[in-house]
Amino acid sequence: MSQREADLYPPVHDYLELRFADRVRPIRGELRALSAITATAGGSGTGIWSKPDLCFAALWRHKYGTTWHLDLHGFEVKPKGRCSADAVHEALNHTSHVHFAHLVWHKPDWSDEDRACSDLLDLCRRFGVGLITLKDPTAADTFAVRLSAERHAPLGDAVDEFIETRLAPEDRELLNSWLAELRP
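Reading the values: the criteria
Think of each chain on its own: its residues are numbered from 1, step by step along the sequence as written. Local features are withheld for residues below a pLDDT of 70 in this predicted model, meaning they are given only at 70 or higher, and side-chain atom pairs are given and counted only at 80 or more; totals for whole chains, interfaces and linings count all residues. Computation of side-chain values covers all heavy atoms of the structure but excludes hydrogens and water. Secondary structure elements follow DSSP: runs of H or I of four or more residues count as helices, runs of E of two or more count as strands, with numbering from the N terminus. Residues grouped as a nonpolar core are buried Ala, Val, Leu, Ile, Met, Phe, Trp, Tyr and Cys residues, joined through side-chain atoms within 4.5 Å. Exposure categories follow from relative accessible area, calculated using a 1.4 Å probe and restricted to protein chains: below 20% of the type maximum is buried, above 50% is exposed, and the middle band is partly exposed. Only heavy atoms matter for contacts: two residues are in contact if any of them lie within 4.5 Å across the pair. Between N-to-C directions, angles span 0 to 180 degrees; the directions come from axes that are lines fitted to C-alpha atoms, helices contributing only their stretch in contact. The scheme is simple: roughly parallel for angles under 35 degrees, roughly antiparallel for over 145, roughly perpendicular for 65 to 115, oblique for anything else. Should the near helix be turned anticlockwise from the far one by less than a right angle, the crossing is termed left-handed; should it be turned clockwise, right-handed. Put simply, Ala, Val, Leu, Ile, Met, Phe, Trp, Tyr, Cys and Pro go in the nonpolar bin, Asp, Glu, Lys and Arg in the charged bin, and everything else, Gly too, in the polar bin.

Draft legend 1. Representation of the environment of Asn93. Within the fold, Asn93 resides in helix H2 (residues 85-93). Residues Asn93 and Pro52, spaced 41 residues apart in sequence, show a C-alpha to C-alpha distance of 9.2 Å.

Draft legend 2. Expanded view of the nonpolar core. In terms of nonpolar packing, the biggest core is built from 19 residues, with Leu16, Phe75 and Val104 touching the most fellow members. Counting residues per element, this core draws most heavily on helix H1 (residues 9-24), at 6 residues. Apart from residues no more than four positions distant in its own chain, Leu16 is found in contact with Ala21, Ser35, Leu54, Cys55, Phe56 and Phe75.

Draft legend 3. Structural view of the packing of H2 against helix H3 (residues 115-127). It is at 10 Å that the axes of H2 and H3 come closest, and there the two elements cross at 20 degrees. Between H2 and H3, the interaxial angle falls into the category roughly parallel. At the point where H2 passes H3, the crossing takes the right-handed sense. Contact residues: H2 offers Ala85, Val88, His89 and Leu92, while H3 offers Leu120, Leu123, Cys124 and Phe127. Among the residues forming the contact of H2 with H3, the class breakdown is 7 nonpolar, 1 polar and no charged.

Okay, structure coming up:
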């Protein structure tokens, strides 16, 4: 039976909540974060490649920093046997709305020597798209960050649009409450 992309959303969401937050948390600073499945959010007029399957919003600051920063991470998820160069380009397109784009690939048989793996990794590197693979969707410890995403610079209005159209009302309210509390 063919694996559906949507079947991977819950385990990827769990990974974001349980493990990914530790990757973006400042060593001595503070982090407030939320993650959401956003694959079907945003309506039909937002474009087919402008919808990350999941997102992770991180409000953070360094211990001795005076300002808080908001970073949005987008995640494009692909099941085994269904990942190609198009998936990298799809994730790259998300950078018009998010600061970091990641491709999550269910690739139980990842091998650095495998041509398909190395070609996809090189393409991700070329465009600054992070690559995360997973062996077993039921085990959080099988996720491997093969390549960290590079920071992109979407317009502030695009970030606002993403938050307004992709996040559920309760997530927007939580994010707004944090911002209201943290603004000078």
